[in-house]
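# Chains, contacts and geometry: an overview
Chain by chain, the residues run as shown.
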Amino acid sequence: MRATIMHAPGDVRVEDRDKPAIQRPTDAVIKLVAACVCGSDLWPYRGADKLARPQPMGHEYVGIVEEIGADVKNVQPGQFVVGSFIASDNTCEICRSGYQSGCVHRQGVGGAQAEYLRVPLADGTLVAAPEMPDHEKIPSLLAASDVLGTGWFAAKAAEVGPGKTVAVVGDGAVGLLGVLAAQRMGAERIIAMSRHVNRQALAREFGATDIVAERGDAGVKKIKELTGGLGAHSVLEAVGTQESMLQAIHATRAGGHVGFVGVSHDVALPGRDLFSSHVHLHGGPAPVRQYLPELIDLILRGEINPGKVFDLELPLDQAPEAYKAMDERRAIKVLLRP
Ligand SMILES: [Zn+2]
Ligand SMILES: [Zn+2]
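Residues numbered from 1 in each chain as written. Chains lettered and ligands numbered in written order. Predicted model: local features only at pLDDT ≥ 70, side-chain atom pairs only at ≥ 80, totals over all residues.

### Points about the overall build of the chain
So the rule is basically this: A helix here means a DSSP run of H or I that spans at least four residues, while a strand means a run of E at least two residues long, and both kinds are numbered starting from the N terminus. Two things to know: the radius of gyration comes from C-alpha atoms, and the globule rule equals 2.2 Å times the number of residues to the power 0.38. Three exposure classes are used. Buried residues have 20 or more other C-beta atoms within 10 Å of their own C-beta, exposed residues have 12 or fewer, and partly exposed residues fall in between, all C-beta atoms being placed from the backbone. Here contacts are defined at the residue level, using C-beta atoms placed from the backbone and a cut-off of 7 Å between them.
Broken down by element type, the chain carries 12 helices and 18 strands. A compact globule built from 338 residues would reach a C-alpha radius of gyration of about 20 Å, and the chain, at 19 Å, matches this within 12%. For the chain, the spread of C-alpha atoms along the three principal axes comes to 60 × 40 × 40 Å. Residues counted as buried form 53% of the 338 residues belonging to the chain. Taking the contacts inside the chain whose residues are at least 6 apart along the sequence as the reference set, 69% of them involve residues at least 24 apart.

Structure representation (structure tokens):
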């Protein structure tokens, strides 16, 4: 089968690999219908994460179940499924409390930018759609696999709700879908921080009421100006750098909440800053599995259209161009068709 492999920073190739097979009775193998490049794939692409060996890429996926292991009961061959980037049993105490990404049996799912994918712990990880979805719903269902679920968690972690003012740091797909999540959760005001005209437009479409183009201290100052000097109730952080974390913390009012979902890279929070801020911090890898049934339902009923974050679609063989387009910020997010 064809699969996307990263050999070194900037060096992504589509190569022939063995088709994955069932290894454990709890596995499923799915035939991918669509996959995509994640903002987090750009960390190794840009050399910010080290690669020990050539790595199969991709962790966001929708597909059709091809084969199941002997113990799999919840999904059947032929079903259309959406899964999370972290496989979970969905039965342990941590899963039952809603933190499937912290499952005691969690495993990473990788290699989804390919024709086929092995999904461990299939019963706890995959959610089947009630029927084969329409073609135009595929991008939105793919978004549910990570970026929508992650934006949703950021909003939950930041305690977004009716009457609240929300600020979103980061205008990648997760930040933009954090705006959508905040809108669905009833936020009164949503401030998107973005300096890119097309991303600002999408943020507005998803429900942003204000746009702040400034970043860092200037961005914080602007948020304070827009909130009577107090800061936002809820701030979603979807970047993962020192600057974006401090921007999020400083833009939050005393007693407010930061939901941080940008994969943290060299973030070191000054204790004094944190101590005097009075903010709640909650975040990490999103428990996407918890939200999948609800998100799939909202998408299939046509209530949300998160698939709009995909502004470029390419055949799998052009995965190297997909990485380049996202790295150069020519595309927000690229969908790959195997
Ligand atoms: Zn991702
Ligand atoms: Zn678990």
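### Looking at the domain arrangement of the chain
Stated formally: Each domain's limits were defined by an automated method or a database of domain assignments. Any residue that is not Ala, Val, Leu, Ile, Met, Phe, Trp, Tyr, Cys, Pro, Asp, Glu, Lys or Arg is counted as polar, Gly included; the first ten are nonpolar and the last four charged.
The domain architecture assigned to the chain consists of domain 1 (2-146 + 287-337) and domain 2 (151-283). One C-alpha centre belongs to domain 1, the other to domain 2; they are set 26 Å apart. Of the residues that constitute the side of domain 1 that touches domain 2, the class distribution is 10 nonpolar, two polar and two charged.

### Thoughts on the packing of helix H5 (residues 147-157) against helix H6 (residues 173-184)
As a reminder of what qualifies: To define axes, lines are fitted to C-alpha atoms, for helices over the stretch in contact only, and angles between the resulting N-to-C directions are given on a 0 to 180 degree scale. Just so you know how the angles are binned, under 35 degrees is roughly parallel, over 145 roughly antiparallel, 65 to 115 roughly perpendicular, and the rest oblique. It is the rotation of the near helix from the far one that decides the hand of a crossing: anticlockwise by less than a right angle makes it left-handed, clockwise makes it right-handed.
Across the interface, H5 lies against H6 with an axial gap of 7 Å and an inter-helix angle of 55°. One finds that H5 runs oblique with respect to H6. Every pair of crossing elements has a handedness; the one defined by H5 and H6 is right-handed. When H5 is examined against H6, the residues Val147, Leu148, Thr150, Gly151, Trp152, Ala154 and Ala155 are found in contact with a partner set consisting of Ala173, Val174, Leu177, Gly178, Leu180, Ala181 and Ala182. Class assignment of the residues belonging to the contact of H5 with H6 gives a composition of 11 nonpolar, three polar and no charged.

### Some details on the sheet that holds strand S13 (residues 210-212)
Definition in use: Pairs of strands are assigned from DSSP output, requiring at least two bridges between the strands.
Across the sheet, six strands lie side by side as S13-S12-S11-S14-S15-S16; this open sheet has parallel pairing. Of all the strands in the sheet, the pair left with one neighbour each is S13 and strand S16 (280-283). Strand after strand, the sheet turns through a mean of 20° between neighbouring axes, direction not considered. Note: strand S11 (residues 165-169) against strand S14 (residues 232-237), four bridges, orientation parallel. If you follow Val168 over to S14, its bridge partner there is Leu236. With respect to the sheet, H5 is in contact with S14, strand S15 (252-260) and S16, its orientation differing from that of S15 by roughly 155°.

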